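Architecture at a glance
Here is how the chains run, residue by residue.
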Amino acid sequence: SRISRDLHDSVLQSLYAIGLSLETSHHVSASPRPGTDRAYTAAVDQLNHLIHEVRGMIKGLTDGSVQDVNLNEELRKLADSYEHIGGITVALGLQPSALDVLTREEEQEILNIVREALSNCVRHAQATHIDVTVRAHHNRIRVSIRDNGKGFTVTDSGPKGYGLMNMETRARKLGGSLLLQSKPGRGTRVTAEFLLEPILAPV
């Protein structure tokens, strides 16, 4: 109850305030630069989508349900948003048979993992192209996010960022693991893999 109240009174109200500030700044701009309207529309669309997600989280916390997610649709919206804002190409390889067997919780966690990975690509990798795939192999689901950015040296001893720890936690929540692969000048690949629940044969 406290978390849902905080989300409503703090996060949601702050998002509304940001939206009003964006709208005001856009209207008072005397000489908008080329592409400003497109960037403004993309930012507003992303903000409205985020508000919708937060409201869904509040509802889920209140009634104990898992927010319903159409993973195919949400990943395509996410890719469009980053292409408009980040100036990159996002290619989706979504295997229909893999998406069909996912639970609502699995879809939500996969969406959050991909969202975090894309955010890292745009903010840190200086990438121009990202491949996102969701595929099934026997009883395993593999989610891969690979970019053509500057890459870095992966070390086991170095501190992990908050985003990476979140992705690892989400993968473990699904009973799986997260693998980070990168080399300087060779881009970065994040792979989350987990087992599907076994289907019991009829007795």
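Now for a description of the structure that goes with this document. Remember, predicted model here, so these are calculated numbers, not experimental data.

1. Topic: the nonpolar core
- Counting 34 residues, the largest nonpolar core has Ile 110, Val 114, Val 134, Ile 141 and Ile 145 as its most contacted members.
- Those elements that place two or more of their residues in this core are helix H3 (71-86), strand S1 (89-94), helix H4 (96-100), helix H5 (104-125), strand S2 (129-137), strand S3 (140-147), helix H6 (162-173) and strand S5 (188-195).
- It is H5 that provides the largest number of residues to this core, a total of seven residues.
- Look past the residues within four positions of Ile 141 in its chain and what remains in contact with it is Ala 98, Val 101, Leu 102, Ile 110, Val 134, Arg 135, Ala 136, Ala 192, Glu 193, Phe 194 and Leu 196.
- If you look at the next biggest cluster of nonpolar residues, it comprises seven residues, including Leu 12, Leu 15, Leu 47 and Val 54.

2. Points about the side chain of Glu 193
- Considering the arrangement of structural elements, one finds Glu 193 in strand S5.
- Using a relative accessible area of 19% as the deciding quantity, one classes Glu 193 as buried.
- Only 2.6 Å separates the side chain of Glu 193 from the side chain of Arg 142, close enough to count as a polar contact.
- Ignoring anything within four residues of it in the chain, the contact list for Glu 193 reads Arg 140, Ile 141, Arg 142, Gly 176 and Ser 177.

3. A look at the environment of Glu 23
- Residue placement: Glu 23 occurs in helix H1 (residues 2-28).
- The spatial distance from the C-alpha of Glu 23 to the C-alpha of Val 44 is 8.5 Å, given a sequence separation of 21 residues.

4. Let's talk about the packing of H5 against H6
- Direction vectors running N to C along H5 and H6 enclose 160°, while the axes themselves pass 10 Å from each other. The angle between the axes of H5 and H6 places the two elements in the roughly antiparallel class. Every pair of crossing elements has a handedness; the one defined by H5 and H6 is left-handed. Between H5, through Glu 105, Glu 109, Asn 112, Ile 113, Glu 116, Ala 117 and Asn 120, and H6, the contact on the second element is made entirely by Gly 163, Met 167, Arg 170, Ala 171 and Lys 173.
- Its residues placed into classes, the contact of H5 with H6 shows four nonpolar, three polar and five charged.

5. Observations concerning the pairing of S3
- Across eight bridges, S2 lies against S3 in antiparallel orientation. In the sheet register, Ile 130 faces S3, and the bridge partner there is Asp 147.
- In this structure, the hairpin formed by S2 and S3 is closed by a connection of two residues, where His 138 is found at a positive phi of approximately 55°.
- Note that S3 and S5 share eight bridges and pair antiparallel. Each residue of the ladder has a partner; that of Ser 144, found in S5, is Thr 191.

Cut-offs applied
Counting of residues starts from 1 at the beginning of each chain's written sequence and follows it residue by residue. Owing to the predicted nature of the model, reporting of local features is limited to residues with pLDDT of at least 70; listing and counting of side-chain atom pairs is limited to 80 or more, with chain, interface and lining totals taken over all residues. Processing note: side-chain calculations cover all non-hydrogen atoms of the structure and skip hydrogens and water entirely. Among the buried residues, those of types Ala, Val, Leu, Ile, Met, Phe, Trp, Tyr and Cys that are joined through side-chain atoms within 4.5 Å form a nonpolar core. Remark: exposure states derive from per-residue accessible area (1.4 Å probe, protein chains only) relative to the maximum for the residue type, with buried under 20%, exposed over 50%, and partly exposed in between. A helix here means a DSSP run of H or I that spans at least four residues, while a strand means a run of E at least two residues long, and both kinds are numbered starting from the N terminus. Residue contacts follow a heavy-atom distance rule, with two residues in contact if any of their heavy atoms lie within 4.5 Å. Identification of polar contacts relies on pairs of N or O atoms within 3.5 Å, with a donor-acceptor requirement for protein atoms, meaning one able to donate a hydrogen and the other able to accept it, and with residues adjacent in sequence counted only if both atoms are side-chain atoms. Lines fitted to C-alpha atoms define the axes here, with helix axes fitted over just the stretch in contact, and angles between the N-to-C directions of these axes take values from 0 to 180 degrees. Working definition: roughly parallel below 35 degrees, roughly antiparallel above 145 degrees, roughly perpendicular at 65 to 115 degrees, and oblique for all remaining angles. Working rule for handedness: look at the near helix, and if it is turned counterclockwise from the far one by less than a right angle, call the crossing left-handed; if clockwise, right-handed. The residue classification treats Ala, Val, Leu, Ile, Met, Phe, Trp, Tyr, Cys and Pro as nonpolar and Asp, Glu, Lys and Arg as charged. All others, Gly included, are polar. Pairs of strands are assigned from DSSP output, requiring at least two bridges between the strands.

Read these as layout, nothing more, since geometry by itself doesn't imply function.
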